[in-house]
Amino acid sequence: MGQALIWAAGAFLAGGVVNLERRCLGQMALAQPLVLCAVAGLASGQPEAGAWIGICLQLMAHGQGRNADWPLAGSGAALTLLYGPGIGLRLEPGGPGALITLVVPVAAALGAQLIERGLYRRDGAVIRDDAPWDSDRPARALERLVRGRILRGVALGGVETVAVGALTVLGAVAIDGWGGGGDGWRTLVLVSAPAAAAAVALGALASHQLIALTGLSVACTLALGVVT
Amino acid sequence: MSAERIGRLDLLRVGLRLLLLQSSWSEGILQSVGLAYCLVPGLRRIHENRDDLNAAIRRHRTPFNTHPFLAGVVAGAVLRMEADGAPPQQIASFTRDSMGPLGAVGDPFFRGALAPAASLIAALVALLGGALAGAVTLLVVFNLPHLIVRIAAVTIGFRDGPVALARAGGWVGPRKTRGLKLIAALAGGALLGTLVLGPGAAHPVLTGVVAIAVGLGCALTLALERTAWSYVVPLALATLMLGEMAI
């Protein structure tokens, strides 16, 4: 219990920093999924799983997939990679545990974006009612407002990361116990997940994003079927 | 006039605050709070009188939204105009008129080309050389161009004033965006080819040939501006045929 609380506190802090970097502080790709998962994979002795999950999440974060909180997905997946070995969970690229480590954070990343949009709407209404420019000292009011938003972002990012990390670990443990799928299924996931993600990134370069996404995914899956 | 009052340290403070531009994004007023917050250190140096300072800050309450990496140009140019004593209407119209053009060149370059290019190149490197190499590649490819632009933006905006807008447009113009997209398509195609046949395949030469062929196919299709289907179908057929040959 104590160890889980320490993990939760660490995840809260890391998630807060990740959210801060994504939203405003630098936006220097430090919180991108490939970076987070690569580091977590190396630190937990699962570099291949870290690379596989990181590549998939990183490539999905473009084009039509852009409107989601990908650093949150990355931090949720990275936490699972880090926490897993301590409870006997080792992720294999393309395996059921790794697939859940993709699916749950992606769903969370989409959900988190809805929360953020709601906050933007509320913030807009708050500022319309009580604009910092109307204050006697607008400079101070602006500084106070920005500080408050940063602290809220850190807290929100921390809570979201803890929740996503916990859900992902639970899901991965549950599916790992089931085992599931054979080598053929694993190979299919191993190739088609990053291929579909690459199609999303390639689709971002062209204007026909959905068509590119669907077409390339189908092509890769078919090609895989022929190869295997 | 009071342009001499603003030193490098002040511009640095404005630049550092620009890192927080998006922190207070809100519906309706968009980045206005962020922009006004960034300008405060510079405006404090220009307007020593409190009423003038408050008036200068209140000029930026109208909605503002542009690409965050290029917002430094607007911030620098606004400070120059404030320092030169430009009429308030001129400053307001510059801020309003500059956000559209900067967003129009910034979004396609940074979001539509640089970010996917960095991810695709990094993913290819990660697949071939390991996760850490991929992560380092992502950081270098993404940060090198964007940090140069962000660092230069405030300084050049302040030095050149409103004229800096055209210069900033040149940094990330359509030709550079297109070139970057072609590189990204090449890397993405190579990634797909490598993925399908496997990086450690029994036929490394064939894998390399497939990767290069698919990469060139993607880049060529993008260069020729064909619709997606025109490259999806040949790509699928080529991959299937080459895949069959590999067995």
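Computed from a prediction, not measured in an experiment: that's the story for all the values here.

Peer 1: Outline unusual backbone geometry, supporting the account with residue identities and numerical values.
Peer 2: Notably, A:Ala29 is not glycine yet its phi reads approximately 65°, a positive angle. Here A:Ala29 shows up in the loop between α1 (2-23) and α2 (33-43). Taking the C-beta count within 10 Å as the criterion, A:Ala29 has 24 such neighbours and is therefore assigned buried. Phi is positive for B:Leu30, close to 55°, though the residue is something other than glycine. Within the fold, B:Leu30 resides in the loop between α1 (8-18) and α2 (32-46).

Peer 1: Quick rundown of the nonpolar core? Include the residues and the values.
Peer 2: In terms of nonpolar packing, the biggest core is built from 150 residues, with A:Ala198 and B:Ala75 touching the most fellow members. Setting aside anything within four residues of it in sequence, one finds A:Ala198 in contact with A:Leu59, B:Leu120, B:Ala123, B:Gly188, B:Leu191, B:Leu192 and B:Leu195.

Peer 1: Any details on the interface of chain B and chain A? Residues and values, ideally.
Peer 2: Taken together, the contact between chain B and chain A spans 62 residues of the former and 62 residues of the latter. Where the side of chain B that touches chain A is concerned, the elements lending two or more residues are α2, α3 (50-58), α5 (88-129), α6 (131-160), α8 (174-197), α9 (204-224) and α10 (228-246) of chain B. Counting residues per element, the side of chain B that touches chain A draws most heavily on α10(B), which supplies 10 residues. When the residues that make up the side of chain B that touches chain A are grouped by side-chain class, the tally is 42 nonpolar, 15 polar and 5 charged.

Peer 1: Account for the environment of A:Ala193, naming residues and giving values.
Peer 2: Among the structural elements, A:Ala193 can be located in helix α7 (residues 183-205). Those residues within four positions of A:Ala193 in sequence are excluded, and the remaining contacts are A:Cys56 and A:Leu102.

Peer 1: Would you mind going over the confidence of the model for chain A in detail, with residue names and values included?
Peer 2: The share of residues in chain A with pLDDT of 70 or more is 89%, and the mean pLDDT across the chain is 86. Per-element confidence in chain A is highest for α2(A), whose mean pLDDT is 95, and lowest for helix α8 (residues 209-227) of chain A, whose mean pLDDT is 57.

Quick notes on the rules
Residues numbered from 1 in each chain as written. Chains lettered and ligands numbered in written order. Predicted model: local features only at pLDDT ≥ 70, side-chain atom pairs only at ≥ 80, totals over all residues. Helix = DSSP H or I, 4+ residues; strand = E, 2+ residues; numbered from the N terminus. Buried ≥ 20, exposed ≤ 12 C-beta atoms within 10 Å, placed from the backbone. Core = buried A, V, L, I, M, F, W, Y, C linked by C-beta atoms within 7 Å. Contact = placed C-beta atoms within 7 Å. Nonpolar A, V, L, I, M, F, W, Y, C, P; charged D, E, K, R; others polar. pLDDT = per-residue confidence, 0-100.

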